[in-house]
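# Structural description and commentary
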Amino acid sequence: GAAVGPEQPTGEAVGPERATGEAAAPETPAGGAPTGTTGNPAQGKSGPSPLRLLLARVRPHRGVLIRAGLLSLTGSAAGLAMPLMAKYAVDAFAADRSPVAPLVALTALVLAGACISAYGRYLMARTGEGVVLRARDQLVGRIMRLKVPAVDRLTPGDLQSRVTSDTTLLRTVL
């Protein structure tokens, strides 16, 4: 299957480790067996786990992602407060009081919750698309730098499929 941090046909990993030319060492938990290995076990290579690669790709966007998460939480809190406001409106009807204030508050809460949640989803989607675009650009750039023998071993459809499927998987995660 495709992984978030794919290995290219030459066997070199694409990701943050490419910038320095160093691959991250695999983690070794208390049990002693390394974790975070990717790639083909027959090659004997290990690299960073897919989660580490994903986190490295979204790290530059963490401020926006935190804001989007907080906006989503705020929108959810507004959604949870709506039944309470509806109770106040019903109680006002039952007590022969004017229900205008609770209904206005309920309407404001519905509108504010919807707007806040929508903006949070927008920020999350926009950031995710930016991460996918950057990953796709990096993959295409890597493919363009492949040596001719490496390209001759593969069909153009394989390369295109790899770029499309790996970035689609990344989009699904984000």
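Remember, predicted model here, so these are calculated numbers, not experimental data. (Residues numbered from 1 in each chain as written. Predicted model: local features only at pLDDT ≥ 70, side-chain atom pairs only at ≥ 80, totals over all residues. Heavy atoms only, no water.)

For the protein, the helix and strand inventory stands at 6 helices and 0 strands. Helices and strands appear in the protein in the N-to-C order α-α-α-α-α-α. Evaluated residue by residue, the protein yields a buried proportion of 28% over its 174 residues. Sequence separation of at least 24 residues holds for 68% of the intrachain contacts in the protein that already meet a minimum separation of 6. Carbon and sulfur atoms make up 64% of the accessible area of the protein, which totals about 10,900 Å². (Helix = DSSP H or I, 4+ residues; strand = E, 2+ residues; numbered from the N terminus. Buried < 20%, exposed > 50% of the residue type's maximum accessible area, 1.4 Å probe, protein only. Contact = heavy atoms within 4.5 Å. Areas by Shrake-Rupley, 256 points an atom, 1.4 Å probe, with all protein chains shown as cover.)

Here we take up unusual backbone geometry. Within the chain, aspartate 96 stands out as a residue other than glycine whose phi angle is a positive 60°. Within the fold, aspartate 96 resides in the loop between α3 (62–94) and α4 (100–144). You can call aspartate 96 exposed: its relative accessible area is 74%.

Within this structure, the stated rule accounts for 1 aromatic pair. With a centroid separation of 6.2 Å and an interplanar angle of 25°, the aromatic rings of tyrosine 119 and tyrosine 122 are classed as stacked. Taken together, the residues span about one helical turn, with tyrosine 119 and tyrosine 122 both in helix α4 at a distance of 3 residues. Judged by relative accessible area, tyrosine 122 falls into the partly exposed class, the value being 45%. (Phe/Tyr/Trp six-rings, centres within 6.5 Å; stacked < 30°, edge-to-face > 60°.)

Spacing of three or four residues puts side chains on the same side of an α-helix, whose turn is 3.6 residues. The terminal C-alpha atoms of α3 lie 49 Å apart, and with 33 residues this matches the ideal 48 Å at 1.5 Å per residue to within 8%. Along α3, the helix axis deviates most sharply at methionine 82, where the bend reaches about 30°; the proline proline 83 sits within four residues downstream. Taken together, the buried positions of α3 are occupied by Ala68, Gly75, Ala78, Met85, Ala89 and Ala92. Buried residues along α3 sit in contact with α4. (Expected span 1.5 Å × (residues − 1). Bend = angle between axes of the 7 residues up to and from the residue.)

This part is about the confidence of the model for the protein. Mean pLDDT over the protein: 76, with 74% of residues reaching 70 or higher. Mean pLDDT across the elements of the protein ranges from a minimum in helix α1 (residues 17–20), with 40, to a maximum in α3, with 93. Across residues 1–44, where pLDDT falls below 50, the model places 73 contacts with residues more than four positions away in sequence or in other chains. (pLDDT = per-residue confidence, 0-100.)

This part is about the packing of α4 against helix α6 (residues 156–173). Running from N to C, α4 and α6 point in directions that differ by 160°, and their axes come no closer than 9 Å. With respect to their mutual orientation, α4 and α6 come out roughly antiparallel. Considering only the axes of α4 and α6, their crossing is right-handed. When α4 is examined against α6, the residues Glu129, Val131, Val132, Ala135, Arg136, Leu139, Val140 and Ile143 are found in contact with a partner set consisting of Leu159, Val163, Thr164, Asp166, Thr167, Thr168, Leu170 and Arg171. Residue composition of the contact of α4 with α6, by class: 9 nonpolar, 3 polar and 4 charged. (Axes fitted to C-alpha atoms, helices over the stretch in contact; angles between N-to-C directions. Parallel < 35°, antiparallel > 145°, perpendicular 65-115°, else oblique. Left-handed = near helix turned anticlockwise from the far one by under 90°. Nonpolar A, V, L, I, M, F, W, Y, C, P; charged D, E, K, R; others polar.)

This part takes up the side chain of serine 117. Tracing the chain through its elements places serine 117 in helix α4. Residue serine 117 is classed as buried on the basis of its relative accessible area, which comes to 15%. In contact with serine 117, other than residues within four places in its own chain, are Gly75 and Ser76.

Another aspect to go through is the environment of alanine 92. Residue position: alanine 92 is located in helix α3. On the accessibility criterion, alanine 92 (2% relative accessible area) is buried. Separated by 11 residues in sequence, alanine 92 and leucine 103 have C-alpha atoms that sit 9.7 Å apart. Setting aside anything within four residues of it in sequence, one finds alanine 92 in contact with Arg97, Ser98, Pro99 and Pro102.

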